[in-house]
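# Summary of structural features
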Amino acid sequence: MTNVSADRAPGPTRRTTLTGLVGGAGALLAAGCSASPATAPTARRTARAYASASDPTPGVMTLFKDPAFNFNGLLALGGSGFGAAEVGEVLTAVNTINKAGLSAQTYTETFKSLGDQLRRPPSSGRPEAETTRARMLRAAQYDAQALFFVLGSDTPGIEPQLYQAGRDAWDAFCARCAPPPVTARVPYGKTPMPVWFFRPDSSGKRRPTVILTNGSDGQNVDMWTYGVAAALRRGWNALVYDGPGQGQLLFIDQVVFTPRWETVVTPLVDWLSARQDVLTDKIALTGLSMAGDLAPRAAAFERRIAALVAMPGVLSPWLGFPPEIREILTPDKEETNRIWNKEVVPGLSPSEAATMKKRIEPFSVPAMLAAREGKMFTDFYTPATLITSLDITDVVDRIKMPTLVLDYEFEQFYPGQPRQLFDKLTAPKDYVKLTAATGAQLHCSPMAPQQHCEVVFDWLHETLA
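So, a few notes on the structure that sits alongside this text. Note that the structure is a prediction, hence the values are computed from the model and not measured.

## Thoughts on the overall build of the chain
Scanning the chain from N- to C-terminus turns up 17 helices and 9 strands. The burial tally for the chain puts 60% of its 465 residues in the buried class. Residue pairs in contact within the chain that sit at least 24 positions apart in sequence constitute 77% of those at least 6 positions apart. For the chain, the accessible area works out to roughly 17,400 Å², and carbon and sulfur atoms hold 53% of it.

In structure tokens:
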């Protein structure tokens, strides 16, 4: 695949560049950026996991004609390999949505209804604990699907209720795990972070532990699919958490992203290091989607991390926005917001407006609250400035622990950036590109999370053996 540069040829208007920007769960919009060559040592291994293919979503992989909805549908379908969805339920929902006419409204309604249905007792009678556990995990998935598009629906104001429904389902699932995860609130500024610490058993045995970091719009159920289940099967502990801009801290506590992700991860490492069932010299850190930027930032400053995995590698989320959108941001706040409100917003279609609301939400509480009222945010300058501050180009050379950078064929949000991050690394490093030959293409391999986890945990096992 030829990587796409963010510096496209001139021509499109600011309005036309917004078309198609709706992304997928766990990803801030990105399309690549430029990076200077790194003076890095020879990589230990560079690999392509599988061969190439020519079509990103051939045949039955196209659930919806719209790529954004299709990506999310594929994420839900992929979760079935770890029990976080049921193939028949997802495909039935897809058929229902397509029959009604694909839109944010029909997508939200259909998946919300599916989550609500799973919270009720099954028609076969009173469920036992394992049945309830399985149903709650799937409900959390379907609530997350509805949540992702709710700001473009007719009822954007139900966003916090949708989040809470998914969170309640997740907590109900966790309570029925054996053993249930240890829950706690780990200090972070004025707002402690909720954590869920999963263990293979309650023996107290000291084990390697992976800290799983979510992206810009993923939910906890995604971390089950992209790490917890795989870790437990391999005898690892796994820590899931909501950081600023994520989950509870965003939707309930109204705390947005920080560019200093080490201030998030260091308290987590402190908490883990105080436990008797953690091998403190074998704490790994992974970052999914936009956390492929956050986790490396944390690892550049938190030296107790023994191994790092960026899934995919990301240097600068801001450079992923089209140049015409980035040009809105000027050094002057008043001028920036004048351009946004007078030149850009009036020309947005409803779907384009919903896209921008969703993309900016984790970086601006006023934008989030306005979106819930069906309104467009008026301050573009403040969240855009925050997004630019997420650039980690200048700190990559501080990363010292072994690092795995994943890339994906047909990467639609950060094309080019994984290889650029890899090239800048000066630590021991590996690069693996998952491809379409076995259905592992697209951002975060939505159709192949089991393959994804095999690559990650085989590498962690080898690296920390």
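## Overview of the packing of aromatic side chains
All told, the structure shown has 22 aromatic pairs when counted by the stated rule. Relative to Phe 111, the ring of Tyr 107 lies with its centre 4.8 Å away and its plane at 40°, an arrangement referred to as tilted. With Tyr 107 and Phe 111 both in helix H4 (residues 104–119) and 4 residues apart, the pair spans about one turn of that helix. Residue class for Phe 111 comes out buried when judged on its relative accessible area of 0%. Ring plane angle 65° and centroid distance 6.0 Å describe the contact between Trp 170 and Phe 198, whose orientation is recorded as edge-to-face. A residue pair is termed long-range when its members are at least 10 positions apart, and Trp 170 in helix H6 (residues 159–175) and Phe 198 in strand S3 (residues 193–198) qualify at 28 residues. Ring pairing ties together the aromatic residues Phe 64, Phe 69, Tyr 107, Phe 111, Tyr 142, Phe 148 and Phe 149, which thus form one cluster.

## Things to note about helix H2 (residues 67–78)
Between the first and last C-alpha of H2 there are 16 Å, a value that for 12 residues agrees with the 16 Å anticipated at 1.5 Å per step. Across the 12 residues that make up H2, a large majority, 10, are buried. Residues of H2 that are buried: Ala 68, Phe 69, Asn 70, Phe 71, Asn 72, Gly 73, Leu 74, Leu 75, Ala 76 and Gly 78. Among the structural elements, helix H3 (87–100), H4, helix H5 (129–149), helix H7 (220–233) and helix H17 (449–464) are those in contact with the buried residues of H2. For H2, the capping residue at the N-terminal end is Asp 66, with a side-chain oxygen 2.8 Å from the backbone nitrogen of Ala 68.

## Things to note about the packing of H2 against H5
Interaxial distance between H2 and H5 falls to 10 Å at its minimum, and their mutual angle equals 165°. When the axes of H2 and H5 are compared, the pair comes out roughly antiparallel. In this structure, H2 crosses over H5, and the sense of that crossing is right-handed. Where H2 approaches H5, its residues Ala 68, Phe 69, Asn 72, Gly 73, Leu 75 and Ala 76 are matched on the opposing element by Gln 141, Gln 145, Phe 148 and Phe 149. Classifying every residue of the contact of H2 with H5 gives 6 nonpolar, 4 polar and no charged.

## Considerations on H3
Helix length check: H3, at 14 residues, gives a terminal C-alpha distance of 20 Å against a target of 20 Å (1.5 Å per residue), a fit within 8%. Buried within H3 are the following residues: Glu 89, Val 90, Ala 93, Val 94 and Ile 97. For H3, the buried positions fall inside an angular range of 135° around the axis, keeping them on one side. Among the exposed residues of H3, those oriented more than 90 degrees off its buried face are Asn 95 and Lys 99. Residues of H3 that are buried in the fold lie against H2, H4 and H5. Just past H3, the residue Gly 101 takes up positive phi, approximately 105°.

## Remarks on the environment of Asn 214
Mapped onto the elements of the fold, Asn 214 is located in the loop between strand S4 (207–213) and H7. Accessibility expressed as a relative area gives 4% for Asn 214, which makes it buried. Once you skip the residues sitting within four places of it in the chain, Asn 214 turns out to touch Gln 219, Asn 220, Asp 222, Met 223, Gln 246, Leu 288, Ala 291 and Leu 294. Polar side-chain contacts of Asn 214 include one of 2.9 Å to the backbone oxygen of Gln 219.

Thresholds applied
- Residues numbered from 1 in each chain as written.
- Predicted model: local features only at pLDDT ≥ 70, side-chain atom pairs only at ≥ 80, totals over all residues.
- Heavy atoms only, no water.
- Helix = DSSP H or I, 4+ residues; strand = E, 2+ residues; numbered from the N terminus.
- Buried < 20%, exposed > 50% of the residue type's maximum accessible area, 1.4 Å probe, protein only.
- Contact = heavy atoms within 4.5 Å.
- Areas by Shrake-Rupley, 256 points an atom, 1.4 Å probe, with all protein chains shown as cover.
- Phe/Tyr/Trp six-rings, centres within 6.5 Å; stacked < 30°, edge-to-face > 60°.
- Expected span 1.5 Å × (residues − 1).
- Polar contact = N/O pair within 3.5 Å; in protein donor to acceptor, adjacent residues only side chain to side chain.
- Axes fitted to C-alpha atoms, helices over the stretch in contact; angles between N-to-C directions.
- Parallel < 35°, antiparallel > 145°, perpendicular 65-115°, else oblique.
- Left-handed = near helix turned anticlockwise from the far one by under 90°.
- Nonpolar A, V, L, I, M, F, W, Y, C, P; charged D, E, K, R; others polar.
- Arc of directions from axis to C-beta.

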